[in-house]
Amino acid sequence: MSSPETAQSERTFFGQPPVLANLFGVELWERFSFYGMQGILLIYLYYSAERGGLGIDEATATSIVGAYGGLVYLSTILGAWLADRVLGPERTLFYAAVVVMVGHIALASIPGLAGVAVGLVLIAAGSGGVKANATSLVGTLYSEDDDRRDGGFSLFYLGINLGAFAGPLLTGLLQKNVGFHYGFGLAAAGMFLGLVQYGAGRRRLSDEARRVPNPLTPDARRRMIIGAAVALVVVVGILISGILPASRYALAVAVISALAAIAYFVVILGSGRLTDVEQSRVLAFIPLFIASAAFWSLYQQQFTVVTVYSDQRLDRNIFGWEMPVSFVQSINPVMIIILSGVFAAIWTKLGSRQPSTPIKFSAGLAVMGIAFLLFLTMAGGGPNSAPLLGLTGILLVFTIAELLLSPVGLSLSTKLAPEAFRTQMVALFFLSVALGTAMSGVLAKLYSTEHETPYFGVIGGVALGLGGLLALAARPIQRLMRGVR
C-alpha cells in the first residue's frame, strides 16, 4: 500500500490514486453489461419468435429473471470466500470479470434456452465475484488516515451508476433496431473493454490486494475442487432432466437463500464465541434482515413486473418515436446520481439527530409500499395508456425508498457483526438481497395487466403495513443493538 505521502503525490484521477481509474472502469463496464443485458432479458424470454424472442410464457420468464437475480447475490458469498481462501481479491475480481464476459458471449451466440441457461449461470457467478471484491479493492488504495477515501468511494459509485444508466439505453437501441443478440453482444463488448483497461493497471494495486487472508491447505483445496465438480454435475443434471421446471427457478433460489440465512443465524447465535452484547446485536439483525428481504422483493420488480408494465401498459411514444422498453431501466440510475448527494447532505446536517437505522429501514419499506400503491392511479386504462411521466414519478419514489434502506444495510451488518463472524454477517445482508430478488420473481408470476389493481393494492398495502410494524418495534430493536445506531 502506498504511504499517505506517496498517495498524495499521485493525483492523476480527480485527485485520487491513479489505479482507481482502472477499478472505476471495470465496475462501470461491468454494470453497463449487467444492466444492459438485464434491460432486454425479460422481453427476450417472452417475446414471440416473430419478434426475435423465445416465446416463453410471462410467468415462467419472470421466474427465470428472479432466479437469476437471486443467484447474482448468492454468488457474492462464493466470490468473497474465493478471495479469502483461494485467490485473493484482485485475482478473484479479474477472473470473475472474465466469466461475466464469457457469459454475455454465450447469451449472444448460443441460440435458444441453451444460451440463456449457460449465459445466465456464468454471468450470475461472475457478477457475484465482481461485486464481492471491487469495493474491497478500492479500500486497499488508501491508508486509514487518508482523507481522500470518501471521495474515492464516491467516484467509484458514480462509475456504477453511469454504467447502469448507459447500458440499457445502448442495448435497447440495438435490440429494437437490429435484434436481441446484438444487444447481448454489446454487453459482452462492454465487459471486454472493462477487462482491457483494468488489465492495463492491475499491476499497480498493492500487495494487500493480492494477499489470500486465510488460504486453504492443499488437502482442503482438493476437497473443494471435487465438491465444486460434484455440485456442478448435480445442478446441470437438474436443469437438463427437467426435475425442476423453469417456472419454479425463482422459488428454488428463494428457498435456498432462506435456508442459508437460517443456517447462518443458527451457527452464529449458537457459537460460544459471542459476548452477551454481540449476541444481542445479532438478534437485533433478524427483524432488519426480514425487512430488507421484503424491501428487495418489491424493489427488484423493476426487472420483472415493471418491465412487463413498460412493454404492455406504458405509453412510450415520444413525439412520434417509440422509446425502447429497456430505456425505463435507465431512469433509476439517474435519480440515484442526483439524490444520493442530497441524502448524504441531509444525514450529515442532522448528525446525531438523524433517524435510527430501524426507522430508516421501516421508512424505506413503507415508501416502497407507497410506490406500489401509486400504480393504482394508472390502473385499468388499457394497453399503452400509462403516461411516461407517471411511471417516472413512481420510479422516483422507488429511488427514495432505496436511499433510505440500501446504503445503510451493508454498513449496519458490519456494525452489528460479532468479532468472530464479520464476514458471515456481511454474507447475511447479501442473503437478504438474494432472497428478496428471488421473491420478486415469485411474486411477479401473480401479475397480469388484467389483475393489476389487486396485485399492486395488496402488495403495496402489505409493505406499508410491515413498515408500520417495524416502526413500532424500532425502540426494542434499538435496545438490542446495544449502542449501535
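Residues numbered from 1 in each chain as written. Predicted model: local features only at pLDDT ≥ 70, side-chain atom pairs only at ≥ 80, totals over all residues. Heavy atoms only, no water.

Q: Report on the overall build of the chain, specifying residues and quantitative values.
A: Assigned secondary structure in the chain consists of 18 helices and two strands. Taken over the C-alpha trace, the chain has a radius of gyration of 22 Å; the compact-globule value for 485 residues is 23 Å, and the two agree within 12%. Projecting the C-alpha coordinates of the chain onto the three principal axes gives extents of approximately 60 × 50 × 50 Å. Within the chain, buried positions represent 52% of all 485 residues. The chain carries 32 positive and 26 negative side-chain charges, and their two centres are separated by 5 Å. (Helix = DSSP H or I, 4+ residues; strand = E, 2+ residues; numbered from the N terminus. Rg over C-alpha atoms; globule rule 2.2 N^0.38 Å. Buried < 20%, exposed > 50% of the residue type's maximum accessible area, 1.4 Å probe, protein only. Lys, Arg positive; Asp, Glu negative; His and termini not counted. Charge placed at Lys NZ, Arg CZ, Asp CG, Glu CD.)

Q: Report on empty space enclosed by the protein, specifying residues and quantitative values.
A: A full pass over the atoms with the stated rule returns one cavity of 30 Å³ or more. Approximately 30 Å³ is the volume attributed to the largest cavity. Every residue lining the largest cavity is listed: Gln38, Val65, Gly66, Gly69, Gln300, Phe303, Thr304, Thr437 and Ser440. The set of elements that each furnish at least two residues to the lining of the largest cavity consists of helix 3 (58–85) and helix 16 (422–444). The element best represented in the lining of the largest cavity is helix 3, accounting for three residues. Of the residues belonging to the lining of the largest cavity, the class tally is two nonpolar, seven polar and no charged. (1 Å grid on protein atoms, 1.4 Å probe; cavity = no way out; pocket = protein on both sides within 12 Å on 5 of 7 lines; lining within 4 Å. Points joined across faces, edges and corners; volume = space filled by probe spheres on them. Nonpolar A, V, L, I, M, F, W, Y, C, P; charged D, E, K, R; others polar.)

Q: Give me the lowdown on the layout of surface pockets, citing residues and values where you can.
A: What the second largest pocket holds in volume is close to 1,800 Å³. Those elements that place two or more of their residues in the lining of the second largest pocket are helix 3, helix 4 (89–109), helix 5 (112–139), helix 9 (218–241) and helix 10 (249–270). A per-element tally of the lining of the second largest pocket places helix 5 first, with twelve residues. Of the residues in the lining of the second largest pocket, the class split is 40 nonpolar, six polar and no charged.

Q: Break down the confidence of the model for the chain for me, with residues and values.
A: Averaged over all residues, the pLDDT of the chain equals 89, while 97% of them reach at least 70. Every residue in residues 1–10 is under pLDDT 50, and counting partners more than four places away or in other chains gives 16 contacts. (pLDDT = per-residue confidence, 0-100. Contact = heavy atoms within 4.5 Å.)

Q: Explain the packing of helix 2 (residues 20–46) against helix 3 residue by residue, including any values.
A: Here helix 2 crosses helix 3 at 155 degrees, and the two axes come no closer than 8 Å. The pairing of helix 2 with helix 3 is recorded here as roughly antiparallel in orientation. The handedness of the crossing between helix 2 and helix 3 comes out as right-handed. From helix 2, Phe34, Met37, Gln38, Leu41, Leu42, Leu45 and Tyr46 reach across to helix 3, where they touch Glu58, Ala61, Thr62, Ile64, Val65, Tyr68 and Val72. Taken together, the residues of the contact of helix 2 with helix 3 break down into eleven nonpolar, two polar and one charged. (Axes fitted to C-alpha atoms, helices over the stretch in contact; angles between N-to-C directions. Parallel < 35°, antiparallel > 145°, perpendicular 65-115°, else oblique. Left-handed = near helix turned anticlockwise from the far one by under 90°.)

Q: So what about the pattern of salt bridges? Which residues, and what values?
A: All chains considered together, the criterion is met by eight salt bridges. Of the charged contacts, one joins Arg316 and Asp311 as a salt bridge, the two residues approaching to 3.9 Å between their closest N and O atoms. Judged by relative accessible area, Arg316 falls into the buried class, the value being 8%. Given a relative accessible area of 9%, Asp311 falls into the buried group. Of the charged contacts, one joins Arg313 and Glu452 as a salt bridge, the two residues approaching to 2.8 Å between their closest N and O atoms. With Arg313 in the loop between helix 12 (305–312) and strand 1 (317–318) and Glu452 in helix 17 (residues 452–472), the pair connects residues that are 139 residues apart, well separated along the chain. Here the two residues Arg313 and Glu452 agree in accessibility, since each one is buried. (Salt bridge = Lys/Arg side-chain N within 4 Å of Asp/Glu carboxyl O.)

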